[in-house]
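Residues per chain, in single letters:
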2 protein chains.
Amino acid sequence: MHAVTIVDGSLRWQEHPDPVPGAGEVLVRVHAAGLNGADRLQVMGLYPAPSGSPADIPGLELAGEVAALGPGAERFAVGDRVMAVVGGGGQAELCVVHERHLLPVPDGVDWAVAGGFPEAFTTAHDALFTQAGLSVGERLCVHGAAGGVGIAGVQLGVATGASVVATVRNEALRDQVAAFGAAVVAPEGFGDHGPFDVVLELIGAPNIGDDIAALTTGGRIAVIGTGAGVKAELNLLALMGKRGRIHGSTLRARSLEDKATAARALERHVLPLLAAGTVTAPVHATYPMAEATAAYEHFAAGGKLGKIVLVP
Amino acid sequence: MHAVTIVDGSLRWQEHPDPVPGAGEVLVRVHAAGLNGADRLQVMGLYPAPSGSPADIPGLELAGEVAALGPGAERFAVGDRVMAVVGGGGQAELCVVHERHLLPVPDGVDWAVAGGFPEAFTTAHDALFTQAGLSVGERLCVHGAAGGVGIAGVQLGVATGASVVATVRNEALRDQVAAFGAAVVAPEGFGDHGPFDVVLELIGAPNIGDDIAALTTGGRIAVIGTGAGVKAELNLLALMGKRGRIHGSTLRARSLEDKATAARALERHVLPLLAAGTVTAPVHATYPMAEATAAYEHFAAGGKLGKIVLVP
């Protein structure tokens, strides 16, 4: 097979041996693979792939057809449409995935959408519901709502009957985010639109103090992005006064069983919404995998709404 | 009645009109009232009483006999032994308490123990179980274990089958804390005894970074004290890597219904342990209420294990 390959900090479209599915694993012929921030960090040498994933092939999510089954794999049949979050190696013609990490792709969902869906929606669903316990009628603030996880969070918040306020720095993208059902505001002074039961924090350290100030009693802050900074000042008395909670999480470093648990939650609770068209992963652009360098440059330039997705 | 009374930053034993129980309230003849840090802050003018509590009579907890019932009060009868967390006014001969905030005092429990029990155990139980979800077999670290809430946390941790590590700065108190079933260590290098599922943080800001480093995946930090500092540096990536959670809470500022909910949890889950002698509020000294100034000075001096309790 060919795969997007990291060679001395650059990307090449190179030949690799075909991967072979082991016990419980499935060989997937990749039709689409979304691009994520962690891919860029991995190319820059800042985010090594977890053990068990190829060190030199990026790609945290993929969608494709089942091409072969390893011993004991029984959840899917050859030809089934599937998608998954993977530890790495998704940006390739073929990828081996454990069957417990695979989700079915609902009928009528494009390959590009499916290829950009799993990572953002698993992350947003896990943060909003498994961690922060977002519920009907609550007030949610999504910081950095124009990103892949942000727009997933907005849609999941609207779908659960929460009242969603979204901050978007790029003015040109605000109308597009608002079309998903959020009240879109500038990052400055977002607290005037609170208080919030849940804050989905995709920007990072500079926001934490204002996030706590904007919480209602018993509010929760779920931190899953730190692009604007890692070291926050935390006023403990302010957090205590709100009886608030700050969660942090990442998806990639999880154990196989924790990833499978997150995949099952997505399958049960979010796939019906995707199948019904209630939520989607908006696709900004697709690139052939052989042109991955251009795709990564487009991704790095920002200013877009929706995923950049690689196709073979 | 007479009550400990704040007059220009000092304490007097003064005459007040007898309080009258309203609908659903109970008049309690106080037999014991524990001293807490918030009382000192209130005397210093740094922690005003919440609305609905007397502004000039300190006292966050009490135990005594039911002296009279307000209209509709039905949970207790005149003469019953009761105890409660109150918003203030506990350090007096008489105090009015809503019946939903009162707990029965189990037979055989001394007045002084009952007077020093509710605040520390409600706070520790709420932080460890309602918030942090401490469970059997988990590993708990209690920072500041020689204080009233700390020693309550140690006992509740041991009672639930957790493995408890306690940090105690004052070497002279370590053996006394160890007698409650914790492995007692110096605050420096406590992380070597982890990783911890739950950290009960009674010291504050300087510990937060080491607390996160000492967490296991999915660990929780419950912050309920900040004596050593309020402004912590929070490394968001470190918290995300642990998929950790930081809770903050206070008891005093809660709504009436939230305090009643906490009282019911204590009644159901902790009173049986108190009745059985599995947990207790150790009493360091008792003082007559008329000598409150000496009691507060003793409290401020520190270096003790157990509560200072005022008696009429």
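Residues numbered from 1 in each chain as written. Chains lettered and ligands numbered in written order. Predicted model: local features only at pLDDT ≥ 70, side-chain atom pairs only at ≥ 80, totals over all residues.

**Regarding the overall build of chain A**
In terms of helices and strands, chain A carries 10 helices and 16 strands. With the principal axes as the frame, chain A shows a C-alpha extent of 55 × 40 × 35 Å. The proportion of buried residues among the 312 residues of chain A is 53%. Partitioning the contacts of chain A with sequence separation of at least 6, the portion at a separation of at least 24 is 69%. (Helix = DSSP H or I, 4+ residues; strand = E, 2+ residues; numbered from the N terminus. Buried ≥ 20, exposed ≤ 12 C-beta atoms within 10 Å, placed from the backbone. Contact = placed C-beta atoms within 7 Å.)

**So, the interface of chain A and chain B**
Counting residues at the interface gives 26 residues for chain A, matched by 26 residues for chain B. Where the side of chain A that touches chain B is concerned, the elements lending two or more residues are strand E13 (231-235), helix H7 (236-241) and strand E14 (245-248) of chain A. Across the side of chain A that touches chain B, the residue classes tally to 13 nonpolar, 9 polar and 4 charged. (Nonpolar A, V, L, I, M, F, W, Y, C, P; charged D, E, K, R; others polar.)

**Observations concerning the relation of the copies chain A and chain B**
Placing chain A over chain B gives an RMSD of 0.0 Å and needs a rotation angle of 180°, together with 0.0 Å of translation along the axis. What the rotation and shift describe, once combined, is the action of a two-fold rotation axis. Taken as a fraction of all interface residues of chain A, those also at the interface in chain B reach 100%, which identifies the copy contact as same-surface. (Least-squares fit on C-alpha atoms with pLDDT ≥ 70 in both.)

**Things to note about the domain arrangement of chain A**
Residues and elements named next belong to chain A. Annotation of chain A at the domain level lists domain 1 (2-117 + 252-311) and domain 2 (120-248). A C-alpha centroid distance of 26 Å is found between domain 1 and domain 2. Domain 1 puts 17 residues into the contact, and the matching count from domain 2 is 16 residues. The element that contributes the greatest number of residues to the side of domain 1 that touches domain 2 is helix H8 (residues 256-269), accounting for 5 residues. (Domains from an automatic or database assignment.)

**Let's talk about the packing of helix H3 (residues 118-131) of chain B against helix H8 (residues 256-269) of chain B**
Residues and elements named next belong to chain B. Between H3 and H8, whose axes approach to 10 Å, the crossing angle comes to 90°. Classified by the angle their axes make, H3 and H8 are roughly perpendicular. Every residue of H8 that contacts H3 at Phe121, Thr122, His125, Asp126 and Thr130 is listed here: Ala262, Ala263, Ala265, Leu266 and His269. Split into classes, the residues belonging to the contact of H3 with H8 amount to 5 nonpolar, 4 polar and 1 charged. (Axes fitted to C-alpha atoms, helices over the stretch in contact; angles between N-to-C directions. Parallel < 35°, antiparallel > 145°, perpendicular 65-115°, else oblique.)

**Concerning the sheet that holds E14 of chain A**
With mixed pairing, 12 strands are arranged side by side in an open sheet as E10(A)-E9(A)-E8(A)-E11(A)-E12(A)-E14(A)-E14(B)-E12(B)-E11(B)-E8(B)-E9(B)-E10(B). Looking at strand neighbours, the two that pair on one side only are strand E10 (183-185) of chain A together with strand E10 (183-185) of chain B, the edges of this open sheet. Here the strands of the sheet are splayed against their neighbours by 15° on average, with no regard to which way each runs. Inspection of the sheet shows strand E8 (residues 139-143) of chain B paired to strand E9 (residues 163-167) of chain B by 5 bridges, in the parallel sense. (Pairing = 2+ DSSP bridges.)

**Quick notes on the packing of H3 of chain B against helix H4 (residues 148-159) of chain B**
All names here are of chain B. Packing of H3 against H4 brings their axes to within 8 Å, and their N-to-C directions diverge by 55°. As the angle between them shows, H3 and H4 are arranged oblique. Seen along the crossing, H3 lies across H4 with a hand that is right-handed. In this structure, H3 contributes Ala120, Phe121, Thr123, Ala124, His125 and Leu128 to the contact, and H4 contributes Gly148, Val149, Ala152, Gly153, Leu156 and Gly157. (Left-handed = near helix turned anticlockwise from the far one by under 90°.)

**Section: H8 of chain A**
Residues and elements named next belong to chain A. For H8, which comprises 14 residues, the first-to-last C-alpha distance of 20 Å matches the rise-based estimate of 20 Å (1.5 Å per residue) to within 8%. Within the sequence span of H8, burial applies to Lys259, Ala262, Ala263 and Leu266. Taken down its axis, H8 places every buried residue within 100° of arc, on the same side. Turned more than 90 degrees away from the buried face of H8 sit Glu257 and Arg268, all of them exposed. Close packing links the buried residues of H8 with strand E5 (81-85), strand E7 (102-104), helix H3 (118-131) and helix H9 (271-276). (Expected span 1.5 Å × (residues − 1). Arc of directions from axis to C-beta.)

**Looking at the environment of valine 198 of chain A**
All names here are of chain A. Positionally, valine 198 belongs in strand E11 (residues 196-201). As a C-alpha pair, valine 198 and alanine 23 span 175 residues in sequence and 41 Å in three-dimensional space. Every residue in contact with valine 198, bar those within four places of it in the chain, is listed here: Leu128, Ala132, Leu134, Glu138, Leu140, Gly219, Arg220 and Ala222.

**Some words on the pairing of E14 of chain A**
Of the two faces of E14 of chain A, both are covered, the one formed by Arg245 and His247 of chain A as well as the one formed by Ile246 and Gly248 of chain A. Where strand E12 (residues 215-223) of chain A meets E14 of chain A, 4 bridges bridge the pair, whose relative direction is parallel. Paired with valine 223 of chain A across the strands is glycine 248 of chain A, a residue of E14 of chain A. Where E14 of chain A lies against strand E14 (residues 245-248) of chain B, 3 bridges are found, and the strand directions are antiparallel. When the sheet's bridge partners are listed, histidine 247 of chain A is paired in E14 of chain B with arginine 245 of chain B.

**Considering the pairing of strand E1 (residues 2-7) of chain A**
All names here are of chain A. When E1 meets strand E2 (residues 10-15), the two strands line up antiparallel, connected through 6 bridges. Note that in E2 the partner of histidine 2 across the bridge is glutamate 15. What sits between the antiparallel neighbours E1 and E2 is a turn of 2 residues, in which aspartate 8 has the positive phi angle 50°.

**As for unusual backbone geometry**
Residue and element names in this part refer to chain A. With an omega dihedral of 0°, the bond running from glycine 194 to proline 195 counts as a cis peptide bond. Within the secondary structure layout, proline 195 lies in the loop between E10 and E11. One non-glycine residue, arginine 243, adopts positive backbone phi at about 45°. Among the secondary structure elements, arginine 243 is positioned in the loop between H7 and E14.

**Notes on the environment of valine 165 of chain A**
All names here are of chain A. Checked against the element boundaries, valine 165 lands in strand E9 (residues 163-167). For valine 165, a count of 25 C-beta atoms within 10 Å gives the class buried. It is 30 Å that separates the C-alpha atoms of valine 165 and arginine 254, two residues lying 89 residues apart in sequence. Residues contacting valine 165, with those up to four places away along its chain left out, are Cys141, Ala182, Ala183, Val185, Phe190 and His193.

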